[in-house]
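Chain by chain, the residues run as shown.
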Amino acid sequence: MEKTKSRILKELRQRDDYLSGQELCQQLGISRTAVWKNIKALQGEGYEIEAVQNRGYRLRKVPDVISAPELESIVNTQWVGKNVHFKYETDSTNLWAKQLAEQGAPAGTVVVAERQTKGRGRRGRTWVSSEGQNIYMTLLLRPEIQPQDAPMVTLLMGLSVAQGVEKATGLCPGIKWPNDVVLDGKKICGILTEMSVQAEYMDYVVVGPGINVNQTDFPQELSDKATSLRLQAGRAFRRVEVAAAVLEAFEKNLEIFLETCDLTGLQEQYNHILLNMNQEVRILDKDSERTGIARGINNRGELLVEYPGGKTEAVFAGEVSVRGLYSYV
Ligand code: BTN
């Protein structure tokens, strides 16, 4: 039923005028009763679909939902986001995507939830996931890359979120290396990437962005570090449009990445919006701390840091944290 709903929404969206029941039946290869049942179901989910005798159906208003039919019917890609799984509530979309991966779900599968009970952040932290306002989604990939190349996929997603947000909202986010997406010095998106390797070969990668879209209240401990698109723009956005724009950007960026299996083709765009660029940064690793000037990423996604005296080090995301000298960025 979800796939039929996606197709009905897609057909209705392509038409400014009424679309006859007859035409819908033919396009979808289903009966009039089946069309009617699906239209009823969509209306029950908050879609305003006008039904006029002898003219057909017309989509009047869509709710701010990020369901499978909504996302599938809007995303303009070849393979990413064509197979969407939605649950109102899940523990973590990354955990769920990994389960689907183990069951053989195809590359490009996307899972989305309105709410996560165990949203997971990097370094074992939790990701607070209040309901109905933000995007919690995870994309499953089965790329033919070496396991050591997987961290670059996170940078790809960071770049794609920044580009997708700009396209869908007009806001222009920057990136705090390696992959926090930031507006006005505060984080709007974090990304958690996990992988499964079988006998040294990449089995799958799941990459999960959490994007703060319409949230207006943040817990005290986050309010000086986190913001949302709504707080920045002064208006709410349809989450599905942001999610679709991110997936569209990701599909294009991944294709460029796979040409060389590194970030050669994307490094310039990434460095252009890198907030740390030419800024003083503090590099923290397990047992030391040092300060230098960030000079952008190389084609492996490592941050080039220049130290007093001119020596440059390429730092790897998994091993260090980077902080601005006076603020989060
Ligand atoms: C970070 O610590 O910055 C990463 C946060 C990642 C949160 C997202 S929300 C969707 C996906 N599912 C999770 O459990 N985590 C990621």
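The coordinates are above.
The following paragraphs examine the structure supplied in this document. Just so you know, these numbers come straight off a predicted model, no measurement behind them.

## Examining the sheet that holds strand β10 (residues 280–285)
No. 1: What the 5 strands build is an open sheet, ordered β13-β12-β11-β10-β14; its pairing is antiparallel. Two strands bound the open sheet, and with one partner strand each, they are β13 (312–315) and β14 (321–324). For this sheet the average axis-to-axis angle between neighbouring strands, irrespective of direction, equals 45°.
No. 2: Sheet topology places strand β11 (residues 288–297) next to strand β12 (residues 303–306); 3 bridges connect them, and they run antiparallel. Bridge assignment links Ile-297 to a residue of β12, and that residue is Leu-303.

## Focus on the packing of aromatic side chains
No. 1: Scanning all chains against the criterion turns up 0 aromatic pairs.
No. 2: Over the face of the ring belonging to Tyr-18 we find Arg-58, whose NZ or CZ atom lies 5.2 Å from the ring centre.
No. 3: The positively charged end of Lys-87 is found above the aromatic ring belonging to Trp-96, 4.3 Å away from the centroid.

## A closer look at the pattern of salt bridges
No. 1: Taken as a whole and assessed by the stated rule, the structure comprises 22 salt bridges.
No. 2: As a salt-bridge pair, Arg-15 and Glu-23 come within 2.4 Å of each other at their nearest N and O atoms.
No. 3: Relative accessible area serves as the criterion here: at 31%, Arg-15 is assigned to the partly exposed category.
No. 4: For the salt bridge of Glu-89 with Arg-115, the shortest nitrogen-to-oxygen distance reads 2.8 Å.

## Some remarks on the site of the ligand
No. 1: The full set close to the ligand counts 19 residues, and Ser-92, Thr-93, Arg-120, Arg-122 and Lys-187 are the nearest of them.
No. 2: Taking Thr-93, its side chain carries an N or O atom lying 3.0 Å from a nitrogen atom of the ligand.
No. 3: In the environment of the ligand, a nitrogen atom lies 2.7 Å from a nitrogen or oxygen atom belonging to the backbone of Arg-120.
No. 4: Starting from 420 Å² of accessible surface for the ligand in isolation, the protein chains cover 98%.
No. 5: Counting only elements with at least two residues in the shell around the ligand, the list comes to α5 (93–102), β5 (135–141), β8 (186–198) and β9 (201–211).
No. 6: Ranked by residue count, the leading element in the shell around the ligand is β8, at 4 residues.
No. 7: For the shell around the ligand, the class distribution of residues is 6 nonpolar, 10 polar and 3 charged.

About the thresholds
- Residues numbered from 1 in each chain as written.
- Predicted model: local features only at pLDDT ≥ 70, side-chain atom pairs only at ≥ 80, totals over all residues.
- Heavy atoms only, no water.
- Pairing = 2+ DSSP bridges.
- Helix = DSSP H or I, 4+ residues; strand = E, 2+ residues; numbered from the N terminus.
- Axes fitted to C-alpha atoms, helices over the stretch in contact; angles between N-to-C directions.
- Phe/Tyr/Trp six-rings, centres within 6.5 Å; stacked < 30°, edge-to-face > 60°.
- Lys NZ or Arg CZ within 6 Å of the ring centre and 35° of its normal.
- Salt bridge = Lys/Arg side-chain N within 4 Å of Asp/Glu carboxyl O.
- Buried < 20%, exposed > 50% of the residue type's maximum accessible area, 1.4 Å probe, protein only.
- Near = heavy atom within 4 Å.
- Polar contact = N/O pair within 3.5 Å; in protein donor to acceptor, adjacent residues only side chain to side chain.
- Areas by Shrake-Rupley, 256 points an atom, 1.4 Å probe, with all protein chains shown as cover.
- Nonpolar A, V, L, I, M, F, W, Y, C, P; charged D, E, K, R; others polar.

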